[in-house]
Amino acid sequence: MTTTASPPGQPGLQPVIRTSIAGASVADLARTHGTPLYVYDAEMIRRRCRDLAAWDTVRFAQKACSNLAVLALMRGEGVMVDAVSTGEIHRALAAGYAPHAAPGVGGDGLPPVHPIVYTADIFDRESLDAVAKLGIHVNCGSADMIEQLAERVPGAGITLRVNPGFGHGHSQKTNTGGEGSKHGIWHEEIPDVLRRAEWAGLAVTGLHMHIGSGADLAHLAEVAGALERVALEIGRSLTTISAGGGLPVPYKPGEVHADLSGYFTLWDAVRKRLEERFGHRLRLEIEPGRYLTAESGFVITEVRAVKKQGGRKYLLVDAGFNTLARPVLYGSYHPMSLCPADPRATAAATEDVAVGGPLCESGDIFTQTDGGFVATRALPTAAVGDLLVIEIAGAYGFVMASNYNSKPLPAEVLVDGGVARLVRRRQTPEDLVRGETV
Ligand SMILES: *Cc1c(COP(=O)(O)O)cnc(C)c1O
């Protein structure tokens, strides 16, 4: 699989001065909403949705960025949604998604689309109650889910999530296939699982694989062949196949966007061969999370201390791994830029600095590599009061934020047409102790 130059709209990957996000002033955003602050560029999300227009269904894996305003924006783009928990089902409904497909066949001759799919390896008791009550379609990642669902929803159609026996991710922790992964139904178990579904009276209408997050497309493409083989084992009951998610985005200088049209062509060919074999149309889905929102998101932080520890200089900002966890979890690289308090400042002088946060934890470093080693970044010379913008933070950003060290969750703002709208207020001290008793 080849790669192509970045489509328009890719944020700068070099150390820069940044004074605006999608036409809104960084300084104004910080003044109005405080820091740390998550900011999303609505137009970037729309652009990424439209990149995938060739697919019959784009299903957003909302765990990447589940703010209601983002979900509503996706819905406006005709994007469907995935839910991995009762909470995510609740979010999808609150954003205006219908719980289940309208009856009948769509005008395009394709089988009806499920607006929400519950995808998980288990039902907890709450989620089983929710899918049964609301009639939400289920993608089963464990065979035990089949009998559990059949007891509550006799005759339901289901999707099977199959682990093809291999996987890839940007990190071992985001690899979701192979023996080292708990996800999905093991590919060799399929004949047995089909018997269990038949015995339980459920029809297998969907087939899904998802081998990892942020892998390269050459690896993702291996899924297509594996899915085709399993689809033939399942047979004519299938109406929908899903390529899963995992589409990578460029985070580091020199990384580029993947060749999405080549990827679609490969999947479309699998779909067409299966349609020919089954004698009916198949809906082809893709299920990205990261791809749709990563580049839209920014964290605005304020530099609160600049200090030297021996030979190394540190910028300490008011965001920590409570705000953005990817660096500490995966050693992930995020581009950073500076919005100096002094509007005359330039990027003429840069220096290598380590960037850390406020937490009482030595791992609270944004410039770390996999394994937790503190690295440095070339940034324009910074002073206390400058704003530091952490970029490409719209996927697995806010959703992984925590209250560690009793820090409030930051506010989230959506910028559309140059206008910034608060879409989640910053938590208050009262929020932090809500539900607790002495
Ligand atoms: C997380 C997840 C995705 C999305 O992964 P990305 O790498 O963000 O595209 C898709 N499908 C399932 C089942 C997931 O768990």
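Residues numbered from 1 in each chain as written. Predicted model: local features only at pLDDT ≥ 70, side-chain atom pairs only at ≥ 80, totals over all residues. Heavy atoms only, no water.

Draft legend 1. Up close: the site of the ligand. Around the ligand, the structure places 15 residues, and the nearest of them are Lys-63, Ser-213, Glu-287, Arg-290 and Tyr-396. Interatomic distance of 2.7 Å between a side-chain N/O atom of Lys-63 and an oxygen atom of the ligand. Between the ligand and the protein, one listed contact pairs an oxygen atom with a side-chain N or O atom of Tyr-396 at 2.6 Å. Computed on the free molecule, the ligand has an accessible area of 390 Å², of which 94% lies beneath the protein chains in the complex. When grouped by side-chain class, the residues that make up the shell around the ligand number three nonpolar, eight polar and four charged. (Near = heavy atom within 4 Å. Polar contact = N/O pair within 3.5 Å; in protein donor to acceptor, adjacent residues only side chain to side chain. Areas by Shrake-Rupley, 256 points an atom, 1.4 Å probe, with all protein chains shown as cover. Nonpolar A, V, L, I, M, F, W, Y, C, P; charged D, E, K, R; others polar.)

Draft legend 2. Main features of helix H5 (residues 125–134). Taken together, the buried positions of H5 are Ser-127, Leu-128, Ala-130 and Val-131. Buried residues along H5 cover an arc of 165° about the axis, so they all sit on one side. Within H5, the exposed residues directed more than 90 degrees away from the buried face are Arg-125, Glu-126 and Lys-133. Looking at the buried residues of H5, the elements they touch are helix H4 (86–94), strand S7 (116–120), strand S8 (137–140) and helix H6 (144–152). (Buried < 20%, exposed > 50% of the residue type's maximum accessible area, 1.4 Å probe, protein only. Helix = DSSP H or I, 4+ residues; strand = E, 2+ residues; numbered from the N terminus. Arc of directions from axis to C-beta. Contact = heavy atoms within 4.5 Å.)

Draft legend 3. The arrangement of the pattern of salt bridges in detail. Inspection of the entire model under this criterion finds 22 salt bridges. Put simply, Asp-129 and Arg-152 hold a salt bridge, and the shortest N to O gap is 2.9 Å. With Asp-129 in helix H5 and Arg-152 in helix H6, this pair connects stretches of sequence that are 23 residues apart. Note that Glu-228 and Arg-273 form a salt bridge whose closest N and O atoms lie 2.8 Å from each other. Here Glu-228 is found in helix H8 (residues 217–234), whereas its partner Arg-273 is found in helix H9 (residues 260–278), with 45 residues between them in sequence. You can call Glu-228 buried: its relative accessible area is 15%. Linked through salt bridges whose partners overlap, the residues forming this network are Glu-43, Arg-46, Arg-50, Glu-77 and Asp-416. (Salt bridge = Lys/Arg side-chain N within 4 Å of Asp/Glu carboxyl O.)

Draft legend 4. Spatial organisation of empty space enclosed by the protein. Applying the stated criterion across every chain yields a total of one cavity of 30 Å³ or more. In this structure, the largest cavity encloses a volume near 110 Å³. Looking at the largest cavity, it is lined by 15 residues, and the ones nearest its centre are Arg-59, Val-117, Thr-159, Thr-240 and Glu-285. Elements with a contribution of two residues or more to the lining of the largest cavity: S7, S8, strand S11 (203–208) and strand S12 (240–242). Each residue belonging to the lining of the largest cavity can be placed in one class, and the counts come to three nonpolar, nine polar and three charged. (1 Å grid on protein atoms, 1.4 Å probe; cavity = no way out; pocket = protein on both sides within 12 Å on 5 of 7 lines; lining within 4 Å. Points joined across faces, edges and corners; volume = space filled by probe spheres on them.)

Draft legend 5. Inspection of unusual backbone geometry at higher detail. Along the chain, Thr-35 connects to Pro-36 via a cis peptide bond; the corresponding omega equals -5°. Here Pro-36 is to be found in the loop between helix H1 (26–33) and strand S4 (37–41). We note that Ala-22 has phi near 50°; this positive angle belongs to a residue other than glycine. For Ala-22, the location among the structural elements is in the loop between strand S2 (20–21) and strand S3 (24–25). Positioned with a positive phi, Tyr-396 is a non-glycine residue whose angle comes to about 55°. Counting through the fold element by element, Tyr-396 comes out in the loop between strand S21 (387–391) and strand S22 (411–416). Judged by relative accessible area, which is 10%, Tyr-396 ranks as buried.

Draft legend 6. A look at the packing of helix H2 (residues 42–51) against helix H3 (residues 68–76). It is at 10 Å that the axes of H2 and H3 come closest, and there the two elements cross at 40°. Taken together, the axis directions place H2 and H3 in an arrangement best described as oblique. Relative to H3, H2 is oriented so that their crossing is right-handed. Contacts between H2 and H3 involve Ala-42, Ile-45, Arg-46 and Cys-49 on the former and, on the latter, Val-70, Leu-73 and Met-74. Residue classes in the contact of H2 with H3 are distributed as six nonpolar, no polar and one charged. (Axes fitted to C-alpha atoms, helices over the stretch in contact; angles between N-to-C directions. Parallel < 35°, antiparallel > 145°, perpendicular 65-115°, else oblique. Left-handed = near helix turned anticlockwise from the far one by under 90°.)

Draft legend 7. Up close: the environment of Ser-296. Locating Ser-296 in the fold gives a position in the loop between helix H10 (290–293) and strand S14 (297–309). Relative accessible area serves as the criterion here: at 1%, Ser-296 is assigned to the buried category.

Draft legend 8. Structural context of the pairing of strand S9 (residues 157–163). Of all seven residues in S9, six are buried, a share of seventy percent or more. Relative to S9, S8 runs parallel, the two being bridged by three bridges. Looking at the pairing, Val-138 lines up with Ile-158 of S9. With H6 bridging S8 and its parallel neighbour S9, the resulting β-α-β unit is right-handed. Where S9 meets S11, five bridges bridge the pair, whose relative direction is parallel. Looking at S11, one finds that Gly-157 is bridged to Ala-203. (Pairing = 2+ DSSP bridges. Right-handed = clockwise from strand over helix to strand, strands pointing away.)

Draft legend 9. The arrangement of the packing of H4 against H5 in detail. Direction vectors running N to C along H4 and H5 enclose 35°, while the axes themselves pass 9 Å from each other. Taking contact as the criterion, the partners of Thr-86, Ile-89 and Leu-93 in H4 are, on H5, Glu-126, Ser-127, Ala-130, Val-131 and Leu-134. The residue inventory of the contact of H4 with H5, partitioned by class, reads five nonpolar, two polar and one charged.

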